[in-house]
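Residues per chain are reported as follows:
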Amino acid sequence: MTAPIAFRRSGPAERLRTWVGGPLLVILVTGLVGFLLVSQLRGTERFRQRLQAESEADLTRILASVSTEADALRDEIVTLRLQLQSLQTSSQQEASAAGAAEDQMRNLQVLAGTVAVTGPGLTISIEDPRGTVRFDTLIDIVQELRDAGAEAVAVNDQRVGATSSFGERDGRVTLDGTVLVAPFRVAAIGPASTLAGGLEIPGGALDTLAALRGVSAGVQRSDTLQIPALAKAPVFRVAKPIGSRS
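What comes next is a walk through the structure.

Conventions adopted
- Residues numbered from 1 in each chain as written.
- Predicted model: local features only at pLDDT ≥ 70, side-chain atom pairs only at ≥ 80, totals over all residues.
- Heavy atoms only, no water.
- Pairing = 2+ DSSP bridges.
- Helix = DSSP H or I, 4+ residues; strand = E, 2+ residues; numbered from the N terminus.
- Contact = heavy atoms within 4.5 Å.
- Axes fitted to C-alpha atoms, helices over the stretch in contact; angles between N-to-C directions.
- Salt bridge = Lys/Arg side-chain N within 4 Å of Asp/Glu carboxyl O.
- Buried < 20%, exposed > 50% of the residue type's maximum accessible area, 1.4 Å probe, protein only.
- Core = buried A, V, L, I, M, F, W, Y, C linked by side-chain atoms within 4.5 Å.
- Arc of directions from axis to C-beta.

## Points about the sheet that holds strand 6 (residues 178–179)
Strand-to-strand pairing in sheets goes through backbone hydrogen bonds, with the strands running parallel or antiparallel.
Okay, so step 1: Taken in spatial order, the three strands of this open sheet run 4-5-6, and their pairing is antiparallel. The open sheet has two edge strands with one neighbour each: strand 4 (166–169) and strand 6.
Okay, so step 2: Relative to strand 5 (residues 172–175), strand 4 runs antiparallel, the two sharing four bridges. Counterpart to Glu168 in the pairing with strand 5 is Val173.
Okay, so step 3: Contacts from helix 3 (residues 135–147) reach strand 4 and strand 5, with the element oriented near 165 degrees to strand 4.

## Considering the pattern of salt bridges
Okay, so step 1: In the structure shown here, the tally under the stated rule is two salt bridges.
Okay, so step 2: With its nearest N and O atoms 2.7 Å apart, the salt bridge here joins Glu168 to Arg134. Of this pair, Glu168 sits in strand 4 while Arg134 is found in the loop between strand 1 (117–127) and helix 3, placing the two residues 34 residues apart along the sequence.
Okay, so step 3: The partly exposed category is assigned to Glu168, whose relative accessible area is 42%.
Okay, so step 4: Ionic pairing is found between Asp157 and Arg185, a salt bridge with its closest N-O pair at 3.0 Å. Of this pair, Asp157 sits in the loop between strand 2 (152–155) and strand 3 (158–160) while Arg185 sits in strand 7 (residues 184–189), and the two are 28 residues apart along the sequence.
Okay, so step 5: Look at Asp157 and you get exposed, because its relative accessible area is 52%.

## Concerning the sheet that holds strand 2
Okay, so step 1: If you trace the five strands from one edge of the open sheet to the other, you get 3-2-7-1-8, paired in antiparallel fashion. The outermost strands of the open sheet, each flanked by one partner alone, are strand 3 and strand 8 (216–227). This sheet shows a mean twist of 25 degrees between the axes of neighbouring strands, independent of strand direction.
Okay, so step 2: Here strand 2 runs beside strand 7; their pairing, made up of four bridges, is antiparallel. Its bridge partner lying in strand 7, Val153 is registered against Ala188.
Okay, so step 3: On top of the sheet, helix 4 (residues 192–199) reaches strand 1, strand 7 and strand 8; it is set at about 30 degrees to strand 1, its chief contact.

## Structural notes on the nonpolar core
Okay, so step 1: Core analysis: the biggest nonpolar cluster contains 26 residues, and Ile126, Leu138, Ile141, Leu145, Phe166 and Val186 have the highest contact counts within it.
Okay, so step 2: Only strand 1, helix 3, strand 2, strand 5, strand 7, helix 4 and helix 5 (205–211) provide two or more residues apiece to this core.
Okay, so step 3: If you tally residues by element for this core, the top one is helix 3, at four residues.
Okay, so step 4: Setting aside residues up to four positions removed in sequence, Leu145 forms contacts with Leu122, Ile124, Ala150, Val153, Val186, Ala188, Leu195 and Leu199.
Okay, so step 5: Within the second largest apolar cluster, eight residues are counted, among which are Val110, Ala152, Ala187 and Ile189.

## Concerning helix 4
Okay, so step 1: Listing the buried residues of helix 4 in full gives Ala192, Leu195, Ala196, Gly198 and Leu199. On an axial view of helix 4, the arc spanned by its buried residues comes to 160 degrees, and they lie on one face.
Okay, so step 2: For helix 4, the secondary structure elements touched by its buried residues are strand 1, helix 3, strand 7, helix 5 and strand 8.

## Notes on the environment of Gly121
Okay, so step 1: With respect to the element layout, Gly121 can be found in strand 1.
Okay, so step 2: For Gly121, a relative accessible area of 0% puts it in the buried group.
Okay, so step 3: Sequence-distant contacts of Gly121, that is, excluding residues within four places in its chain, are made with Ala188, Ile189, Gly190, Ala192, Gln220, Arg221, Ser222 and Leu225.

What follows is the structure, given as structure tokens:
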């Protein structure tokens, strides 16, 4: 069974407090706001009266002082703006220098052969069933491609880096100690038309290959070639970067 709800009648004192509390609070707040406004107006009036009481010389001095302060603030604003502009310019220059350094580092990595690369270029396919092609012929081909603007070169999917070397072992061509087996495929990334023009120079690589007995060569241009990085990064035994502890 639910207990009955009890209602308590408010007495005369309670009704009086309720009737007086609301209007009285409004009156107090209104009076406080009015007091603040009057105080502000009186302060402004006193300041105006003070200026009226000053002599012409004093007013001139006050005006000059205010003008001097205003000029000093303007000079400070100009100085701060110049400092901000200098910081922004310095930050932009540092970002530009960092970007240029990163681009140069990537270019050097590509030339050194320490990173895999992709891009347009061409492939030279060399058929040599009799083993006529020697290592010096491949050196000439790689050199001509470099001179024509090749950014990366690989022979039989083996990268040719800045420290790579061709040689010969048991009558076979080697690249960095690895034996290359015919047919040879020389891939180069760069402007295909320029590379092809360099190979077709009279007395150049293609003419040399055509003069070899049993050797045939063909050039195929590609929009996208992939050349791997060096299997083993070069190790410099003498030169060391400045600041290196090793």
